[in-house]
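What follows is the residue order along each chain.
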Amino acid sequence: MSSVETSPQVVEEVLFEAMAEMGPERADIRREATFEELDLDSLDLVEIAQIVEDSWGIELDPEDFANVKTIGEALDLVLARMP
Amino acid sequence: VSERRVAITGVGAVTPLGVGARVLHDRWMAGCSGIDEGLGRCMEFDPRLVLTKKEAHRTDRFTQLAIAAAQEAFEQAGWGGGLPYDPERIGCVIGTGIGGIGTIESQHNILRDRGEKAVSALSVPMMMSNAAPGAIAMRFGLTGPNWGVVSACAAGAHAIGSAMRLVQHGEVDAVVTGGTEAGVTSLATVAFARMGATSRTGLSCPFDARRDGFVLGEGAGILLLEDAEAARARGVEPLAEVLGYGATADAFHLTAPEPEGRGAARAITRSLADAGVVPADLHYVNAHGTSTPLNDRAETNAIKLALGEHARRVPVSALKSAIGHLMGASGAVEAIATALALSERVAPPTLNYEEPETGLDLDYVPGVPKPLPARVVAARAVGISNSFGFGGQNAVLCIAAH
């Protein structure tokens, strides 16, 4: 996997686009926004985890998101697992 | 305690003839067909025009069709700006034959091709047969009784009958009801063909000697039923009234109707008795008319059994000649078509009827619409809508327009 594909900008772009498909307006999806504010729930988190695994081979469990409130925290969780 | 009367105050439909109940009526009257290459697909339906992104992402097509039809019904009934009753006093009862079979098929393919971890967490909420009433309750904030109805091709009619009882008995003031189906999928298309139910020629010609099976279709029909007094109190002129409902079982065969039509005839008789009308009061019969060899003969027998001499006088027409068989949606779409036909005092045509068959000798309204007798121009017009499901499940609605 090249460094370009796993850069923070790319991760953010891929996941923001995916979240925009789930309901929230693209402009409202920011690092500071909470999942609750965006009306993204546990079913959406499962889908986000699938996209993360499909895109970068990183396996996430629902428990990994237990303390995640904001979009930024979720991105950091993914980036911290990057090889 | 006298039963409350049940008004139809709004209708919405998405069908192979287009988006909208009025579109359905007008195009059927004009003799248009929504069938293309032997299938009845809703080609004009774009879920993005009605649904939110979140709704569209989390729903199978059968729920999307229902939401769009419900939105139309709400606006027609004047509910677009807000609910006219306590939300707890508004129910939602919607039928489907199969539910989210498109989701079942696609997720099964994903499981087979990509493994367990690729299966969507939304699979169950999308495929479940009760998803449509759940999604409609969320969209409009309806917190009264809410469930799905499953009785194959009679589901839409059973749903309306159940909803009618909720209003009659005072359990609620209004119900959002109807049926929906999106079963034009690879598995369903093949499975119906394997049992010999669908047409090889792709021609939907109910009651015609050439008929060789039904044409698979998709769509949704949603009606708002209200306590007639409450509707009047808020200044609404109902489109029509649900007068009666009769439901029976053949207890005969898994898929074939009882050939003499006795079970279906009992459903017709019960709906008329429930409505307080006699066969001679009936101005129009909206047939189940699937274009299968067995149904159309058994249904003709049933109409004769139930209506006696009057069977030869009353016009009988089949919407499936124009849109195919919408399965769990058909009973609801046809109830809407019946209400609109009665309100305009006209029997819409059975399309593609050219070759009569011995014994199938009712007035099937071939080709062109037929005005209902002049005497009903001023008085109320009364009709029935027949629906019969695989499993021998029969539901007949008696509808009147004033």
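Since we're looking at a predicted model, the values are computed, not measured.

Undergrad: Would you mind showing me how to read the overall build of chain B here?
TA: On a plain count of helices and strands, chain B comes out with 13 helices and 13 strands. For 402 residues, the compact-globule estimate of 2.2 N^0.38 gives 21 Å, and chain B sits close to it at 20 Å. Per-residue burial over chain B gives 60% buried out of 402 residues. Long-range pairs, those at least 24 residues apart, make up 80% of the contacts in chain B with a sequence separation of at least 6. Looking at chain B as shown, the accessible area adds up to about 14900 Å², and 55% of this sits on carbon and sulfur atoms. Taking the average location of the 34 positive side-chain charges in chain B and that of its 41 negative ones, the two points are 2 Å from each other.

Undergrad: Which parts of the structure should I look at to understand the pattern of salt bridges?
TA: Side-chain pairing between opposite charges can occur once the charged atoms of the two side chains come close. Taken as a whole and judged by the stated rule, the model has 37 salt bridges over all chains. The residue D44(A) makes a salt bridge to R58(B) at a minimum N-O spacing of 2.9 Å. Of this pair, D44(A) sits in helix α2 (residues 42-56) while R58(B) sits in the loop between α2 (53-57) and α3 (61-76), placing the two residues on different chains. As far as the burial class goes, D44(A) and R58(B) line up, both buried. For the salt bridge of D26(B) with R22(B), the shortest nitrogen-to-oxygen distance reads 3.9 Å. Of the two residues, D26(B) and R22(B) both sit in helix α1 (residues 21-29), 4 residues apart, roughly one turn of that helix. Bridged by salt links that share partners, the residues D39(A), D41(A), D44(A), K54(B) and R58(B) form one connected network.

Undergrad: Looking at this structure, I do not really get the side chain of D296(B). What am I missing?
TA: Residues and elements named next belong to chain B. On the secondary structure map, D296 appears in helix α11 (residues 293-307). Engagement of the side chain of D296 in a polar contact is seen with the backbone nitrogen of F207, the distance being 2.8 Å. When residues no more than four places from it in sequence are discounted, the contact partners of D296 are P206, F207, R211, G289, T290, S291 and L360.

Undergrad: What's the story with the environment of M327(B) in this structure? I'm lost.
TA: Residue and element names in this part refer to chain B. Inspection of the secondary structure assignment puts M327 in the loop between α12 (320-323) and α13 (330-343). Along the primary structure M327 and A182 are separated by 145 residues, whereas in three dimensions their C-alpha atoms are 9.0 Å apart. Excluding anything up to four places from it in sequence, M327 contacts I98, A152, C153, E181, G183, F192, L216 and G217.

Undergrad: Honestly, the confidence of the model for chain A in this entry has me stumped. Any pointers?
TA: Detailed conclusions should not be drawn from predicted coordinates in areas where pLDDT is low. On average, residues of chain A score 91 in pLDDT, and 94% of them reach the 70 mark or higher. Here α2(A) stands out as the least confident element of chain A, with mean pLDDT 94; helix α1 (residues 8-22) of chain A is the most confident, with 96.

Undergrad: Looking at this structure, I do not really get the environment of V175(B). What am I missing?
TA: All names here are of chain B. Note on placement: V175 falls in strand β5 (residues 174-181). Classification of V175 as buried rests on a relative accessible area of 0%. The spacing of V175 and R89 is 86 residues in sequence and 8.4 Å in space, taken between C-alpha atoms. When sequence neighbours within four positions are dropped, the list of residues in contact with V175 reads G91, C92, V93, A163, L166, V167, L223, L224 and L225.

Undergrad: Where do I start with the state of the cysteines in this structure?
TA: A covalent bond bridging the sulfur atoms of two cysteines is what the word disulfide describes. If you walk through the whole model with that rule in mind, you get 0 disulfides over all chains. The thiol of C32(B) is unpaired, and the distance to the nearest cysteine sulfur, on C42(B), comes to 15 Å.

Undergrad: Help me understand the interface of chain B and chain A, please; the structure alone is not making it clear to me.
TA: A common way to report how large an interface is uses the accessible area buried once the components associate. On the chain A side, the residues contacting the 12 residues of chain B number 18 residues. For the chain B and chain A pair, buried surface summed over both sides reaches about 1100 Å², with 39% attributable to carbon and sulfur atoms. When the buried area of chain B at its contact with chain A is split by residue, K53(B), K54(B) and K117(B) rank highest and sum to 46% of it. Inspection of the chain B/chain A interface yields 7 salt bridges. Counting every contact that joins chain B to chain A gives 11 residue pairs in polar contact (both at pLDDT 80 or more). In terms of residue count, α2(B) provides more of the side of chain B that touches chain A than any other element does, 3 residues in total. Per-class residue counts for the side of chain B that touches chain A are 5 nonpolar, 2 polar and 5 charged.

Undergrad: Explain the nonpolar core here, please?
TA: Proteins that are soluble and globular tend to have nonpolar side chains buried together. All names here are of chain B. Within the largest apolar cluster, 50 residues are counted, with the highest numbers of intra-cluster contacts made by I8, L24, L223, L225, L319, I323 and I399. At the level of elements, β1 (6-15), α1, α7 (155-168), β6 (219-227), β7 (240-249), α12, α13 and β13 (393-401) are the ones that each hand at least two residues to this core. Considering every element that reaches this core, the biggest residue donor is α13, with 9 residues. Every residue in contact with I323, bar those within four places of it in the chain, is listed here: T15, P16, L17, L24, I35, G40, G217 and V333. Core analysis: the second largest hydrophobic core is formed by 33 residues, C92, I94, L142 and A220 among them.

Parameters at a glance
- Starting afresh in each chain, residues are numbered from 1 along the sequence in its written order.
- Chain letters start at A and ligand numbers start at 1, both assigned in the order the entries are written.
- Per-residue local features are limited, in this predicted model, to residues with pLDDT of at least 70; the limit for side-chain atom pairs, both in listing and counting, is 80 or more; totals at the level of whole chains, interfaces and linings are taken over all residues.
- Values shown for side chains rest on all heavy atoms present in the structure; no hydrogens or waters enter the calculation.
- Only DSSP runs of H or I reaching four residues or more are called helices, and only runs of E reaching two or more are called strands; each is numbered from the N terminus.
- Every radius of gyration here is taken over C-alpha atoms, with the globule rule written as 2.2 Å times N^0.38, N being the number of residues.
- Burial status follows relative accessibility: with a 1.4 Å probe on protein chains alone, a residue under 20% of its type maximum counts as buried, one over 50% as exposed, and anything between as partly exposed.
- Any pair of residues with heavy atoms lying within 4.5 Å of one another is described as a contacting pair.
- In these tables, accessible area is a Shrake-Rupley quantity obtained with a 1.4 Å probe, and a residue counts as shielded only by the protein chains included in the view.
- For the charge count, each Lys or Arg is scored as positive and each Asp or Glu as negative, with His and the chain ends excluded.
- A single reference atom marks each charge: NZ on Lys, CZ on Arg, CG on Asp, CD on Glu.
- The term salt bridge refers to a side-chain nitrogen of Lys or Arg lying within 4 Å of a carboxyl oxygen of Asp or Glu.
- What qualifies as a polar contact is a pair of N or O atoms within 3.5 Å, subject to a donor-acceptor requirement within protein and to the restriction that residues adjacent in sequence count only when both atoms come from side chains.
- Per residue, pLDDT captures the predictor's confidence, and it can take any value from 0 to 100.
- Any two cysteine sulfur atoms within 2.5 Å of one another count as a disulfide.
- Buried area: the accessible surface (1.4 Å probe) lost by two parts on joining, summed over both.
- For this scheme, ten residues count as nonpolar: Ala, Val, Leu, Ile, Met, Phe, Trp, Tyr, Cys and Pro. Four count as charged, namely Asp, Glu, Lys and Arg, and the remainder, Gly too, count as polar.
- Here, the term nonpolar core denotes a set of buried Ala, Val, Leu, Ile, Met, Phe, Trp, Tyr and Cys residues that are joined through side-chain atoms within 4.5 Å.

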